[in-house]
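Observations on the three-dimensional arrangement
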Amino acid sequence: MPLKLSAHQADLLAALATGAVLKSHRDLDGHKVYRLHPLQGPAQLLTPHTVDALKRHALIASNQKFPAATYLLTDKGRQLIEQNACVAVSSLTARKFAP
């Protein structure tokens, strides 16, 4: 069964593919906030639901740093966004990621 992305998830993958940076910011109590930092303009707050689905399907991977982790497209995420959205990936990606 092909993976069905929501519009927000597809937009997030396309943004990552074109150079935006996704970070999760965690406080000492463990609360996590996701922010997308585009190349231009202010950071955008994202819902955990949008990001968690992409992580669960191994489309993005984190460097797992505290207090702010950075997410990159995996090979699987890169392939999906290039095929479905006709976006050429121009950003860094996680290579040979094994979930």
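All of the points below concern the structure found in this document.

Rules and cut-offs
Counting of residues starts from 1 at the beginning of each chain's written sequence and follows it residue by residue. Per-residue local features of the predicted model are confined to residues with pLDDT of at least 70, and side-chain atom pairs are confined, for both listing and counting, to 80 or more; whole-chain, interface and lining totals are unaffected and use all residues. With hydrogens and water excluded, all non-hydrogen atoms of the structure serve as input to the side-chain values. Under the DSSP-based scheme used, a helix requires at least four consecutive residues in state H or I and a strand at least two consecutive residues in state E, with every element numbered from the N terminus. Here a residue-residue contact requires only that any non-hydrogen atoms of the pair lie within 4.5 Å. All accessible areas in this document rest on Shrake-Rupley with a 1.4 Å probe, and a residue is counted as covered only by the protein chains that are shown. Working definition of a nonpolar core: buried Ala, Val, Leu, Ile, Met, Phe, Trp, Tyr and Cys residues. They are joined through side-chain atoms within 4.5 Å. Burial classes: relative accessible area under 20% of the type maximum marks a residue as buried, over 50% as exposed, and values in between as partly exposed (1.4 Å probe, protein chains only). Whenever a nitrogen or oxygen atom comes within 3.5 Å of another N or O atom, the pair is scored as a polar contact, on the condition that within protein one atom can donate a hydrogen and the other can accept it, and that pairs from neighbouring residues in sequence are kept only if both atoms are in side chains.

1. Topic: the overall build of the protein chain
- Looking only at helices and strands, the protein chain features 3 helices and 5 strands.
- Beginning at the N terminus, the succession of helices and strands in the protein chain can be written as α-β-β-β-α-β-β-α.
- Here the analysis covers contacts within the protein chain between residues at least 6 apart in sequence; of these, 42% occur between residues at least 24 apart.
- As presented, the protein chain carries roughly 6400 Å² of accessible surface, and 56% of it is formed by carbon and sulfur atoms.

2. Some thoughts on the nonpolar core
- By size, the foremost hydrophobic cluster in this structure holds 21 residues, and its most contacted members are Leu12, Leu13, Leu22, Leu36 and Ile60.
- Contributions of two or more residues to this core are made by α1 (7-17), β2 (32-37), α2 (48-56), β5 (68-73) and α3 (75-85).
- When residues of this core are assigned to their parent elements, the largest contribution, 6 residues, is made by α1.
- When residues no more than four places from it in sequence are discounted, the contact partners of Leu22 are Leu12, Leu16, Tyr34, Arg35, Leu36, Leu46, Val51, Ile60, Ala69, Thr70 and Tyr71.

3. Focus on the environment of Asn63
- Structurally, Asn63 is set in the loop between β4 (60-62) and β5.
- Overall, the relative accessible area of 39% leaves Asn63 in the partly exposed class.
- C-alpha separation for the pair Asn63 and Lys23, spaced 40 residues apart in sequence, amounts to 9.8 Å.
- Residues within four places of Asn63 in sequence aside, it is in contact with Ala69 and Thr70.
- From its side chain, Asn63 meets the backbone nitrogen of Thr70 in a polar contact 3.0 Å long.

4. Here we look at the side chain of Gln9
- Inspection of the secondary structure puts Gln9 in helix α1.
- Not counting chain neighbours up to four residues away, the residues in contact with Gln9 comprise Lys4, His49, Thr50, Ala53 and Leu54.

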